[in-house]
Amino acid sequence: MRHLLLACAAVLLLAGCSTGPSLEQRGEVTAPPGDSHRLTIGSAGFTESDLLAQMYAQLLDHAGYRTSVLTVSNRELYEPALESGQIDVVPEYAATFADWLNAKTHGAHATPVGSPDLDATMTALRRLATPRGLTVLPPGRAVDQNAFAVSAAYARRHHLKTLSDLGRSGLEVRLAAGDECVERPYCEPGLKKTYGIDITAVDPKGVGTTQAKRAVQNGQDQLVLTTTTDATLADFGLVLLADDKHLQNADYLVPVVNRARAGAPGVTRALGRLNTVLTTADLASMDQQVDSWRRLAQDVAHTYLKKKGLLD
């Protein structure tokens, strides 16, 4: 059994990789699904992704595969690596990944295909993923959404409960988020268009990172992009603002695999076992154990899988 957490510097090796089927072949991927027994699991580098990658790795190890975990903190890098087969499996979020692939395929201004409708979102996602040599496995019960938080004191001072309240306030807002926030429709553009929030700058501190939340806690920034499963907000004196106009889509967790290396039934069966038990509340609890209690993601994942009888 191997769980090798490789340094993010390894992404330098990914930049020159091929990115899956050629344009001429896309749309007619006919190769049978592969079953490599040495698999690399990708993590996007934030707590929840680390936890999911560790659970995937341990379930696959239990099923007879040999795995390693590679952290690549930017989808613009790890998705091509997934297409090329340098990464074999990643945990993804259905609506977000569908919209990302749609923009990559049809351009940045393509009409989004992710929606609150899971079936429609999964249909669109698989239609976009298949020509790239990717297979999207069935979603589970757990769902995570992007969310935005402010300090509790800031919310009280300006009478804020919703993102609409923040838009109506006319306040100038610095947003702590990932660097891709400036382009993604659910982030800076959506906050401006849907809510009229005056975003003056995006502070690239990551999604829900300790650094980002501290920036809002100390007043350097006013708003932070996090997720609905973030169980540490109270530790930083932060509160969520309700997404009252439904800017965010319901993002169900889905494993995405490189078909040529990990598309065989063994991988699907191993990862499918997690779908039967993992809930949104479970994710929030595990996130808290890592972020607040300083437990290792690998240990938290192992304890959870043992408790649920998935490693017996």
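Predicted model, so just to flag it, every value in this text is computed and none were measured.

## Comments concerning empty space enclosed by the protein
Rolled over the atoms, a probe as big as a water molecule pinpoints where empty space is left. Tallied over the entire structure, the rule returns one cavity of 30 Å³ or more. The computed volume of the largest cavity comes to approximately 90 Å³. Around the largest cavity, the lining residues are L52, Y56, G140, R141, A142, L253, V254, P255, L271, L274, N275 and L278. If you list the elements that add at least two residues to the lining of the largest cavity, you get helix 1 (47–62), strand 12 (251–258) and helix 10 (265–275). When grouped by side-chain class, the residues that make up the lining of the largest cavity number nine nonpolar, two polar and one charged.

## Some words on the packing of helix 1 against helix 11 (residues 280–291)
The contact between helix 1 and helix 11 brings their axes to 9 Å, and the two run at 105°. As judged from the angle between their axes, helix 1 and helix 11 are roughly perpendicular. Two secondary-structure elements touch here, helix 1 through T47, E48, L51, L52 and M55 and helix 11 through L283, M286, D287, V290 and D291. Looking at the contact of helix 1 with helix 11 residue by residue, the class counts come to six nonpolar, one polar and three charged.

## As for the confidence of the model for the protein
The predicted model of the protein has a mean per-residue pLDDT of 90, with 90% of residues at 70 or higher. Taken as a whole, residues 15–20 scores under 50 in pLDDT and shows 10 contacts with residues more than four places along the chain or in a different chain. Predicted confidence is poor over residues 22–28, with pLDDT under 50, and the contacts of this stretch with residues over four places away or in other chains come to six contacts.

## Brief notes about the nonpolar core
Judged by nonpolar contacts, the single largest core of 35 residues is most densely connected at I41, M55, L274 and L278. Of all the secondary structure elements, the ones that give two or more residues to this core are strand 2 (38–43), helix 1, strand 4 (89–93), strand 12, helix 10, helix 11 and helix 12 (297–307). Residue contributions to this core peak at eight residues, all from helix 1. Leaving out residues up to four positions away in the same chain, M55 has contacts with L274, L278, M286, A301, Y304 and L305. A155, A177, L191 and V202 belong to the second largest nonpolar core, which has 22 residues in total.

## What about the pairing of strand 3 (residues 66–71)?
Burial analysis of strand 3 places five of its six residues in the buried class, the great majority of the element. Pairing of strand 2 with strand 3, which is carried by six bridges, proceeds in the parallel orientation. When the sheet's bridge partners are listed, R38 is paired in strand 3 with R66. Chirality of the crossover, the property in question, places the unit of strand 2, helix 1 and strand 3 among those that are right-handed.

## As for helix 3 (residues 94–106)
With 13 residues, helix 3 extends 18 Å between its outermost C-alpha atoms, agreeing within 8% with the 18 Å of an ideal straight helix rising 1.5 Å per residue. Buried within helix 3 we find A94, A95, T96, F97, A98, D99, W100, L101 and N102. At its buried positions, helix 3 is contacted by helix 2 (75–84), strand 4, helix 4 (118–129), strand 5 (134–136), strand 7 (146–151) and strand 12. Phi turns positive one or two residues past the end of helix 3, at G107, with a value near 105°.

## Section: helix 10
Along helix 10, the residues that are buried comprise G266, V267, A270, L271 and L274. End-on, the buried residues of helix 10 take up no more than an arc of 115°, which puts them together on one face. Along helix 10, the residues that are exposed and aim more than 90 degrees away from the buried face are P265 and R269.

## Thoughts on the pattern of salt bridges
Enumeration according to the criterion identifies 13 salt bridges in this entry. Between E180 and R184 there is a salt bridge, with the nearest N and O atoms lying 3.5 Å from each other. D203 is the salt-bridge partner of K205, the closest N and O atoms lying 2.6 Å from each other. The class of D203 is buried, set by a relative accessible area of 8%. When salt bridges that share partners are traced, they join E79, E83, K104 and R132 into one network.

## Focus on the packing of helix 1 against helix 10
Axis separation between helix 1 and helix 10 bottoms out at 9 Å; the angle between their running directions is 125°. Here helix 10 runs oblique to helix 1, going by the angle between their axes. The crossing of helix 1 and helix 10 is right-handed. Where helix 1 approaches helix 10, its residues M55, Y56, L59, L60 and H62 are matched on the opposing element by V267, A270, L271, R273 and L274. Class assignment of the residues belonging to the contact of helix 1 with helix 10 gives a composition of eight nonpolar, one polar and one charged.

Quick notes on the rules
- Residues numbered from 1 in each chain as written.
- Predicted model: local features only at pLDDT ≥ 70, side-chain atom pairs only at ≥ 80, totals over all residues.
- Heavy atoms only, no water.
- 1 Å grid on protein atoms, 1.4 Å probe; cavity = no way out; pocket = protein on both sides within 12 Å on 5 of 7 lines; lining within 4 Å.
- Points joined across faces, edges and corners; volume = space filled by probe spheres on them.
- Helix = DSSP H or I, 4+ residues; strand = E, 2+ residues; numbered from the N terminus.
- Nonpolar A, V, L, I, M, F, W, Y, C, P; charged D, E, K, R; others polar.
- Axes fitted to C-alpha atoms, helices over the stretch in contact; angles between N-to-C directions.
- Parallel < 35°, antiparallel > 145°, perpendicular 65-115°, else oblique.
- Contact = heavy atoms within 4.5 Å.
- pLDDT = per-residue confidence, 0-100.
- Core = buried A, V, L, I, M, F, W, Y, C linked by side-chain atoms within 4.5 Å.
- Buried < 20%, exposed > 50% of the residue type's maximum accessible area, 1.4 Å probe, protein only.
- Pairing = 2+ DSSP bridges.
- Right-handed = clockwise from strand over helix to strand, strands pointing away.
- Expected span 1.5 Å × (residues − 1).
- Arc of directions from axis to C-beta.
- Salt bridge = Lys/Arg side-chain N within 4 Å of Asp/Glu carboxyl O.
- Left-handed = near helix turned anticlockwise from the far one by under 90°.

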